[in-house]
Amino acid sequence: MDRRLDAFNGLPVERAHEQLLSCCAADGWVRAMVAGRPYPDRAALAAAAEARVRSLPWPEVLDAVAAHPRIGRPPAGDSREARWSRREQAAATGDDAGTTAVTSTSTSTSTTVTVTAAASSAAGPPIAVAATSASAAAAELAALNDAYERRFGYRFLIFANGRGADEIATAARARLHHDDDTEQAIVRTELGRIAALRVGRLVDDLDPGPAGHAALSTHVLDTTTGTPVADLPVRLDRHGSDGWRTVATGRTDADGRLREWAPAGEWDTGAYRLTFDVAGRLGTDGFYTEIPVAFTVHDPDRHHHVPLLLSPYGYTTYRGS
């Protein structure tokens, strides 16, 4: 049984719509994917993601393409789309990509990149970009993006996951010579592959836990002894219009972990606080009696792991996975 897929199939319609927009920013695609639930397995989900891109009207395809960043320029930020884009373009924008010569005209000090667009009146003149060898690949991708947008009037899109800058540049140069119908068919294919990849990652990010429990866990370790802190009382509070309110209490297990303990009905976007009752663990020589860790939940469908590294006179906490 694929419990994450079950969680996706069971998302409320509005939340499913919101989540799927990060996979493909075409409203028709999102509506079709939501209406197609439940999906029996991951393969059926991926196949549906690609098929529904192929059936989109071209204006909606263009809307989805416009939502993607330029190849070679993944966005900053911590949004799901930004994280996915950086991950997908990692092979093209890695540290080694900028130091590899991309044409035979490279020298130790500079590289001249020339991109010749398709032989049509819309293509415009060839583009020459001078760049240092450290940024040669990025310069060529930027030049190809410019040439492609002049040629077709929309952003160059490619399934970049695992592809290096040279491979992407080769594909872009070849596609500049396509007629409009051929290129539009390729764009649909590439967009469908991206949507299928992302919807799989979306499902991976869902952590339903056992039925009725929130996607929250913690792990407490004693850094002075290097051992887990077992049987430690922990309280979860939620902040609302009436201030802080306790929604769950529990104790860490023999491995110092606490999971599958907070009610799903109390888990949503908003402010939360874990309070660790450490007085009994640290004893009379300890400085802390309790340790509160307040945090904000932006995406309740994503698992939140909030560990605590404990010592008598200090502690560390962080966002885990």
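Figured I'd write up the structure that's included with this text. It should be emphasised that the depicted structure is a prediction, and the values quoted were computed from it without experimental measurement.

## So, the side chain of Ser85
- Looking at where Ser85 falls in the secondary structure, it is placed in helix α6 (residues 80–88).
- Looking at Ser85, the relative accessible area reads 3%, which means it is buried.
- When neighbours within four sequence positions are excluded, Ser85 is seen to be in contact with Pro69, Pro74, Pro75 and Arg198.

## Thoughts on the pattern of salt bridges
- Summed over all chains, the structure comprises 21 salt bridges.
- The salt bridge partner of Asp27 is Arg31, with a shortest N-O separation of 2.2 Å. With a gap of 4 residues between them, Asp27 and Arg31 both fall in helix α3 (residues 27–35), about one helical turn apart.
- For Arg31, a relative accessible area of 47% translates into the label partly exposed.
- Residue Glu88 is joined to Arg198 by a salt bridge in which the shortest nitrogen-to-oxygen separation is 2.9 Å. One end of the pair, Glu88, is in helix α6; the other, Arg198, is in helix α10 (residues 180–205), with 110 residues separating them in the sequence.
- Through salt bridges with shared partners, a single ionic network connects Arg15, Asp268 and Asp301.

## Focus on the sheet that holds strand β5 (residues 233–240)
- The strand order across the open sheet formed by 4 strands is β6-β5-β8-β9, and the pairing between neighbours is antiparallel. The open sheet has two free edges, formed respectively by β6 (243–251) and β9 (290–297), since each of these has just one partner strand. Direction aside, the axes of adjacent strands within the sheet are offset by 20° on average.
- With 5 bridges joining them, β5 and strand β8 (residues 270–277) adopt antiparallel strand pairing. Pairing of Arg238 across the sheet is with Tyr272, part of β8.

## Side note on the nonpolar core
- Counting residues in hydrophobic clusters, the biggest one holds 51 residues, and the most contacted among them are Phe8, Leu20, Cys24, Trp29, Met33, Leu45 and Ile168.
- Within the residue set of this core, elements represented by two or more residues are α1 (3–9), α2 (13–20), α3, α4 (42–54), α5 (58–66), α8 (136–152), α9 (165–175) and α10.
- The element contributing the most residues to this core is α10, with 8 residues.
- With near-sequence residues (within four places) excluded, Met33 lies in contact with Leu20, Tyr39, Leu45, Ala48, Ala49 and Arg52.
- Judged by nonpolar contacts, the second largest core, of 26 residues, contains Val229, Val234, Tyr272 and Val293.

## Details of the packing of α2 against α3
- For the pair α2 and α3, the least separation of the axes is 9 Å and the interaxial angle reads 135°. Classed by the angle they form, the pair α2 and α3 counts as oblique. The two elements α2 and α3 meet at a crossing, and its hand is right-handed. Along its contact with α2, which presents Val13, Ala16, His17 and Leu20, the element α3 presents Asp27, Trp29, Val30, Arg31, Met33 and Val34.
- Taken together, the residues of the contact of α2 with α3 break down into 7 nonpolar, 1 polar and 2 charged.

## With respect to the packing of α3 against α4
- Interhelical geometry of α3 versus α4 gives an angle of 145° and a closest axis separation of 10 Å. The crossing of α3 and α4 is right-handed. Listed contacts from α4 to Trp29, Ala32 and Met33 of α3 are Leu45, Ala48, Ala49, Arg52 and Val53.
- Along the lines of polarity and charge, the residues of the contact of α3 with α4 split into 7 nonpolar, no polar and 1 charged.

## Details of the side chain of Arg37
- Among the secondary structure elements, Arg37 is positioned in the loop between α3 and α4.
- Summary of buried charges: Arg37 has no salt-bridge partner, and the nearest side chain of opposite charge, Asp301, is 9.4 Å away.
- Discounting residues that sit within four places of it in the chain, Arg37 has contacts with Phe8, Asn9, Gly10, Leu11, Pro12, Val13 and Ala16.

Parameters and conventions
Residues numbered from 1 in each chain as written. Predicted model: local features only at pLDDT ≥ 70, side-chain atom pairs only at ≥ 80, totals over all residues. Heavy atoms only, no water. Helix = DSSP H or I, 4+ residues; strand = E, 2+ residues; numbered from the N terminus. Buried < 20%, exposed > 50% of the residue type's maximum accessible area, 1.4 Å probe, protein only. Contact = heavy atoms within 4.5 Å. Salt bridge = Lys/Arg side-chain N within 4 Å of Asp/Glu carboxyl O. Pairing = 2+ DSSP bridges. Axes fitted to C-alpha atoms, helices over the stretch in contact; angles between N-to-C directions. Core = buried A, V, L, I, M, F, W, Y, C linked by side-chain atoms within 4.5 Å. Parallel < 35°, antiparallel > 145°, perpendicular 65-115°, else oblique. Left-handed = near helix turned anticlockwise from the far one by under 90°. Nonpolar A, V, L, I, M, F, W, Y, C, P; charged D, E, K, R; others polar. Lys, Arg positive; Asp, Glu negative; His and termini not counted.

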